[in-house]
Amino acid sequence: MALFNKNAAPKNPMTVYASARSNLLLVIAFTAINVVLRLVSADMYFLFSASTPLAMVDIASWFENTAVLVGGAIMAFVVIGLYLLCWALSKKRPGWLVAALVLFVLDTLVLLSLYDISAMILDLLMHIWVLYYLISGTVAANKMKKMSPEELEAMMNPSVTTEDAPVEPVSEIPVAANAPDVSAQAPVMVNGEPMTEE
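Fair warning: this is a prediction, and the values are worked out from it, not measured in the lab.

Asker: Any chance you could explain the overall build of the chain here in plain terms?
Answerer: Of regular secondary structure, the chain possesses six helices and two strands. The helix and strand sequence of the chain, counted from the amino end, reads α-α-α-α-α-α-β-β. When the 198 residues of the chain are sorted by exposure, 28% land in the buried category. Taking as baseline every contact in the chain between residues at least 6 positions apart, the subset at least 24 positions apart corresponds to 59%. Only carbon and sulfur atoms are counted for the fraction: they give 66% of the accessible area of the chain, which is about 14100 Å².

Written out as structure tokens, the structure is:
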């Protein structure tokens, strides 16, 4: 499997960290959509979603009470808001990606404890996928912490190769002002005297 290929070349830690944040944002977006779909009793949902907010709506719907359902929806969006906060602050503070990882580990436990896993295999695989990227992003952040400012600068602004470097035009060879004009035709000598045209 390509994700676990040990012989693969090491990836840029910044790229890995950005991929982790992108996957987290997708989870946030699809979870919000799924909560809305649950509230309108739509017979569909997206896989790339957290389970805890959906469980809150499902449990609230069992009571068949509008107030309880609204409360469950509010709690669901509070959890989504926590994920969104982690995503926004993790741009400059990697510790918030660790917080998102902890939240998603707890979310996976909710999935395993409240739902029939035999019917939720794809959801479980999706959780494993997201956990892999969040863990990889956390490891990449730790690697960047150990790098020197020069290494980080080189990673952000890779040097231009000789093939990509622009070729400067060759300037004309300067000619001295008193240099003889070699373009003029030299006179033809006959018997030691220049021959003139008649």
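Here the narrative resumes, following the displayed structure.
Asker: What is the right way to look at unusual backbone geometry in this model?
Answerer: Most of the time, phi is negative for any residue but glycine, and the peptide bond is trans. One non-glycine residue, serine 41, adopts positive backbone phi at about 60°. Among the secondary structure elements, serine 41 is positioned in the loop between helix H1 (13–39) and helix H2 (52–62). Assessed through its relative accessible area of 65%, serine 41 is described here as exposed. Backbone geometry places glutamate 64, a non-glycine residue, at a positive phi of 50°. The topology assignment puts glutamate 64 in the loop between H2 and helix H3 (66–89).

Asker: Any chance you could explain the packing of aromatic side chains here in plain terms?
Answerer: Taken as a whole and judged by the stated rule, the model has five aromatic pairs. Ring geometry for phenylalanine 30 against phenylalanine 46: centres 5.2 Å apart, planes inclined by 40°, an arrangement best described as tilted. Taken as a pair, phenylalanine 30 in helix H1 and phenylalanine 46 in the loop between H1 and H2 lie far apart in primary sequence, 16 residues in all. With centroids separated by 5.1 Å and ring planes inclined at 45°, the aromatic side chains of tryptophan 129 and tyrosine 133 adopt a geometry described as tilted. Of the two residues, tryptophan 129 and tyrosine 133 both sit in helix H5 (residues 121–145), four residues apart, roughly one turn of that helix. Taking relative accessible area as the criterion, tryptophan 129 reaches 36% and is therefore assigned partly exposed.

Conventions used here
- Numbers given to residues run from 1 along each chain, matching the order in which its sequence is written.
- Confidence filtering applies because this is a predicted model: local features only for residues at pLDDT of at least 70, side-chain atom pairs given and counted only at 80 or more, and all residues used for totals across whole chains, interfaces and linings.
- Only heavy atoms go into the side-chain values, all of them from the structure, while hydrogens and water stay out.
- What counts as a helix is a DSSP run of H or I of at least four residues, what counts as a strand is a run of E of at least two, and both are numbered from the N terminus.
- Accessibility here uses a 1.4 Å probe with only protein chains present; expressed as a share of the type maximum, an area under 20% marks a residue as buried, one over 50% as exposed, and anything in between as partly exposed.
- By definition in these notes, contact holds between two residues if any of their heavy atoms fall within 4.5 Å.
- For accessible areas, the Shrake-Rupley method is used with a probe of radius 1.4 Å. Any residue's cover is judged against the shown protein chains and nothing else.
- Paired rings are identified among Phe, Tyr and Trp, the last through its six-membered ring, by centres lying within 6.5 Å, and are further divided according to the angle between planes into stacked (under 30 degrees), edge-to-face (over 60) and tilted (the rest).

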